[in-house]
Amino acid sequence: LQLTETIRNDVNLKKQTLRLNKSPSHPHTYTLEFTFDAAADCTLSIWYLAEEKTDAANNTLHFETQYPIQPNTLRFGKNLGQHFQQSVEEGFNVSLVQNRGLMYYHQGSNHFPVVI
């Protein structure tokens, strides 16, 4: 017999709705779009080419990025089925990326192409 613990998240991104859309007006820019449920008021930030910073116990402390467009934190109220669509100005512009290797996740790495 093994004891289990239920993990409850106040925010749930619906993976099947996650889309990366190419901008028709900006040929090198991609934006994110998705639906999520929030059981409580929340904030949302999108980091591109993020590096996860952890403590000695490997707990996430925060994320950092060298990508020129820094994340903007948006506030959302408690609600189900909320739709998020990123603006072109805050989208991912591949022409700004110096090191293309950072655009891919490598197993065991603390660098991620996108963090929501």
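Here the structure is a predicted model, which means the values were calculated and not measured.

Quick look at the packing of aromatic side chains
Thought 1: With the rule as written, the count across this model stands at seven aromatic pairs.
Thought 2: Taken together, the ring pairs in this structure connect Phe34, Phe36, Phe76 and Phe84 into an aromatic cluster.

As for the pattern of salt bridges
Thought 1: For the structure shown, the criterion picks out three salt bridges.
Thought 2: For aspartate 37, the salt bridge goes to lysine 14, with nearest N and O atoms at 3.3 Å. With aspartate 37 in strand S3 (residues 29-38) and lysine 14 in the loop between strand S1 (11-13) and strand S2 (19-22), the pair connects residues that are 23 residues apart, well separated along the chain.
Thought 3: Exposure remark for aspartate 37: the relative accessible area of 17% places this residue in the buried category.

Some thoughts on empty space enclosed by the protein
Thought 1: Under the criterion given, the structure shown has one cavity of 30 Å³ or more.
Thought 2: Approximately 100 Å³ is the volume found for the largest cavity.

With respect to the sheet that holds strand S6 (residues 60-65)
Thought 1: Strand order in this open sheet of three strands is S6-S5-S10, and the pairing throughout is antiparallel. Looking at the sheet topology across the chains shown, the edges are occupied by S6 and strand S10 (111-115). Adjacent strand axes in the sheet meet at a mean angle of 45°, parallel and antiparallel pairs treated alike.

Quick word on the side chain of glutamine 82
Thought 1: The topology assignment puts glutamine 82 in strand S8 (residues 79-85).
Thought 2: Given the relative accessible area of 13%, glutamine 82 is considered buried.
Thought 3: Here glycine 77 takes part through its backbone oxygen, which lies 2.9 Å from a polar atom of the side chain of glutamine 82.
Thought 4: Here glutamine 82 is in contact with Phe34, Thr35, Phe36, Ala38, Phe76 and Gly77, once residues within four sequence places are set aside.

Describing the pairing of S6
Thought 1: As judged from the five bridges shared by strand S5 (residues 47-54) and S6, these two strands associate in the antiparallel manner. In the sheet register, glutamate 52 faces S6, and the bridge partner there is phenylalanine 63.
Thought 2: Taking the residues between adjacent antiparallel strands as the criterion, S5 and S6 are bridged by five residues, where asparagine 58 takes a positive phi near 70°.

What counts, and at which threshold
Residues numbered from 1 in each chain as written. Predicted model: local features only at pLDDT ≥ 70, side-chain atom pairs only at ≥ 80, totals over all residues. Heavy atoms only, no water. Phe/Tyr/Trp six-rings, centres within 6.5 Å; stacked < 30°, edge-to-face > 60°. Salt bridge = Lys/Arg side-chain N within 4 Å of Asp/Glu carboxyl O. Helix = DSSP H or I, 4+ residues; strand = E, 2+ residues; numbered from the N terminus. Buried < 20%, exposed > 50% of the residue type's maximum accessible area, 1.4 Å probe, protein only. 1 Å grid on protein atoms, 1.4 Å probe; cavity = no way out; pocket = protein on both sides within 12 Å on 5 of 7 lines; lining within 4 Å. Points joined across faces, edges and corners; volume = space filled by probe spheres on them. Pairing = 2+ DSSP bridges. Axes fitted to C-alpha atoms, helices over the stretch in contact; angles between N-to-C directions. Polar contact = N/O pair within 3.5 Å; in protein donor to acceptor, adjacent residues only side chain to side chain. Contact = heavy atoms within 4.5 Å.

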